[in-house]
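Here is how the chains run, residue by residue.
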Amino acid sequence: MSETLTEPHVDHDDAHEHPSDWAYIKIALILAVFTGIEVLTYFESALPIFENNAVTITTLMVLMVIKFWLVATWFMHLRFDNKIFSQLFVAGLILATGVYVIALAAFEFWG
Amino acid sequence: MATATIDSPDTHAADGHDEHHTSTGISNTKLAMWAFLGSECLLFGGLISTYLLYKTRRGPGPDNTTIPTDIFDIPFTSVSSFVLLMSSLTMVLALSALTRGDNQATRAWLLSTAMLGGVFIGGQVYEFTSFLREGVGFTHNPASSAFFTLTGFHGVHVSLGILMLMSLYVASKQGKLTPKHTETVEIVGLYWHFVDVVWIFIFTVIYLIPVE
């Protein structure tokens with residue numbers, strides 16, 4: 001049964017096509033490789049370049065951001081969903097970063 | 001003025017994408033879950049900030065100077081992290097299977113996800129126990145309090161996720177989980193992936209970044 005109705009605005013932006021299972025498996029493989037590289041940084045003898053803390057920290061932070069982005073965009077479907085979902089999540093992340101900066105500043109100047 | 005056609009509730013959304021007849025055209029439930037996850041960022045942001053500020057604070061006495069970073073077992077935690085990461089894959093595969101209407105595969109992937117989550121929690125219990133054996137308890141020093149609070153809260157989130165997954169599994173067994181309920185599985189999946197991304201952050205910042 002079907003009926004027709006008139007609405008002022010119906011925008012079905014959050015309807016989306018999901019990627020194939022193979023696409024998800026490829027993303028998981030990339031995540032696994034990145035995790036492997038992260039763990040390698042702990043074993044300095046495996047790659048002497050990681051004896052340098054600046055290199056290690058930069059590598060870890062970059063890999064973490066990429067892993068975070070891959071899970072959020074592909075597994076949580078943010079790249080296919082309505083933009084408002086991304087905005088809500090990013091707002092939370094920005095506020096959380098703000099909390100850290102404020103706490104760090106408080107401890108630095110008044111701690 | 002737009003014109004939309006709707007089908008009766010029992011026939012639409014066979015592909016799992018309900019058309020949402022809300023003023024925004026967006027599912028209210030999904031919007032609420034994303035708002036909740038945004039607020040969860042603040043909770044974990046606060047806990048992670050606290051740990052980062054206290055991570056080198058040893059106790060005043062000679063008996064409570066050991067901090068968690070002194071006794072981390074990185075190879076063990078790496079395996080736990082890998083297990084949790086792979087549970088995100090099984091979660092999306094469960095959603096994908098339900099969208100196709102393959103209930104047997106949906107159940108298998110949901111159960112796999114719950115079991116991988118269980119392995120992660122088992123690892124966390126082992127880690128906490130080994131810390132206690134080393135004498136590093138919750139009230140040992142500020143660093144250990146912050147560590148147990150952060151990872152404990154994360155563990156509680158994973159445990160709640162496992163309960164949700166098992167509820168979905170039981171619902172599927174009883175024939176109550178059909179492609180019409182794709183959004184329910186997607187919302188539980190969002191929660192599950194969120195605890196995964198939080199762990200991605202915790203694993204790097206708390207476990208792997210060297211303490212000066």
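Residues numbered from 1 in each chain as written. Chains lettered and ligands numbered in written order. Predicted model: local features only at pLDDT ≥ 70, side-chain atom pairs only at ≥ 80, totals over all residues.

Remarks on the overall build of chain A
Spelled out, the test is: Helix numbering and strand numbering both begin at the N terminus, where a helix is a DSSP run of H or I of at least 4 residues and a strand a DSSP run of E of at least 2. Counting other C-beta atoms within 10 Å of a residue's C-beta gives its exposure: the residue is buried at 20 or more, exposed at 12 or fewer, and partly exposed in between, where C-beta atoms are placed from the backbone. Residue pairs are scored as contacts if the distance between their C-beta atoms, which are placed from the backbone, is within 7 Å.
Along the backbone of chain A there are three helices and one strand. Going from N to C terminus, chain A has its helices and strands arranged as β-α-α-α. Counting over 111 residues, chain A shows a buried share of 26%. Looking at chain A alone, contacts between residues at least 24 apart form 53% of all its contacts between residues at least 6 apart.

Remarks on the overall build of chain B
Broken down by element type, chain B carries five helices and one strand. Start at the N end of chain B and walk to the C end: the helices and strands fall as β-α-α-α-α-α. Taken along the three principal axes of its C-alpha coordinates, chain B extends 75 × 40 × 25 Å. Residues counted as buried form 41% of the 212 residues belonging to chain B.

Re helix α1 (residues 21-42) of chain A
Residues and elements named next belong to chain A. Operational definition: Take the residue count of a helix, subtract one, and multiply by 1.5 Å to get its expected span. Arc definition: it is the arc formed by the directions from the helix axis to the C-beta atoms.
For α1, built from 22 residues, the straight-helix expectation of 32 Å at 1.5 Å per residue is met to within 8% by its first-to-last C-alpha distance of 32 Å. Turning to α1, its buried residues number three or more, namely Tyr24, Ala28, Leu31, Thr35, Glu38, Val39 and Thr41. Seen end-on, α1 carries its buried residues on one side only, within an arc spanning 140°. Opposite the buried face of α1, at more than 90 degrees from it, the exposed residues are Trp22, Leu29, Val33 and Gly36.

Points about the confidence of the model for chain B
The line we're drawing: As a per-residue measure, pLDDT reflects the predictor's confidence and takes values from 0 up to 100.
Looking at chain B, the pLDDT average stands at 89 and 90% of residues meet or exceed 70. The complex model carries a pTM of 0.87, and its ipTM stands at 0.86.

Considering unusual backbone geometry
A positive phi angle, close to 65°, is found at histidine 77 of chain A, a residue other than glycine. With respect to the helices, strands and loops of the structure, histidine 77 of chain A is situated in the loop between α2 (53-75) and α3 (83-110).

Considering the environment of aspartate 21 of chain A
With respect to the secondary-structure elements, aspartate 21 of chain A resides in helix α1. Separated by 40 residues in sequence, aspartate 21 of chain A and methionine 61 of chain A place their C-alpha atoms 28 Å apart. Those residues in contact with aspartate 21 of chain A that lie beyond four places of it in its chain are Leu93 and Ser96 of chain B.

Here's the deal with the domain arrangement of chain A
All names here are of chain A. Short version of the rule: Delimitation of the domains relies on an automatic or database domain assignment. Nonpolar residues are Ala, Val, Leu, Ile, Met, Phe, Trp, Tyr, Cys and Pro. Charged residues are Asp, Glu, Lys and Arg, and all others, Gly as well, are polar.
If you check the domain split of chain A, you get domain 1 (19-80) and domain 2 (81-111). Here the C-alpha centroids of domain 1 and domain 2 sit 22 Å apart. Taken together, the contact pairs four residues of domain 1 with four residues of domain 2. Residue classes in the side of domain 1 that touches domain 2 are distributed as three nonpolar, one polar and no charged.

What about the packing of helix α2 (residues 74-100) of chain B against helix α5 (residues 182-208) of chain B?
All names here are of chain B. Just so we agree on the cut-off: Think of each axis as a best-fit line through the C-alpha atoms, taken over the contacting stretch in the case of a helix, with angles from 0 to 180 degrees between the N-to-C directions. Geometric relationships in this document are graded by angle, where less than 35 degrees denotes roughly parallel, more than 145 denotes roughly antiparallel, 65 to 115 denotes roughly perpendicular, and other angles denote oblique. Handedness of a crossing follows from how the near helix is turned relative to the far one, being left-handed for an anticlockwise turn of less than a right angle and right-handed for a clockwise one.
Two elements in contact, α2 and α5, have axes separated by 10 Å at closest approach and are oriented at 160°. The angle between the axes of α2 and α5 places the two elements in the roughly antiparallel class. Handedness of the crossing formed by α2 with α5: left-handed. Across the interface between the two elements, Ile74, Thr77, Ser81, Leu84, Leu85, Ser88, Met91, Val92, Ala94, Leu95, Leu98 and Thr99 of α2 pack against Thr182, Val185, Glu186, Gly189, Trp192, His193, Asp196, Trp199, Phe203 and Tyr207 of α5. Residues belonging to the contact of α2 with α5 are distributed by class as follows: 13 nonpolar, seven polar and two charged.

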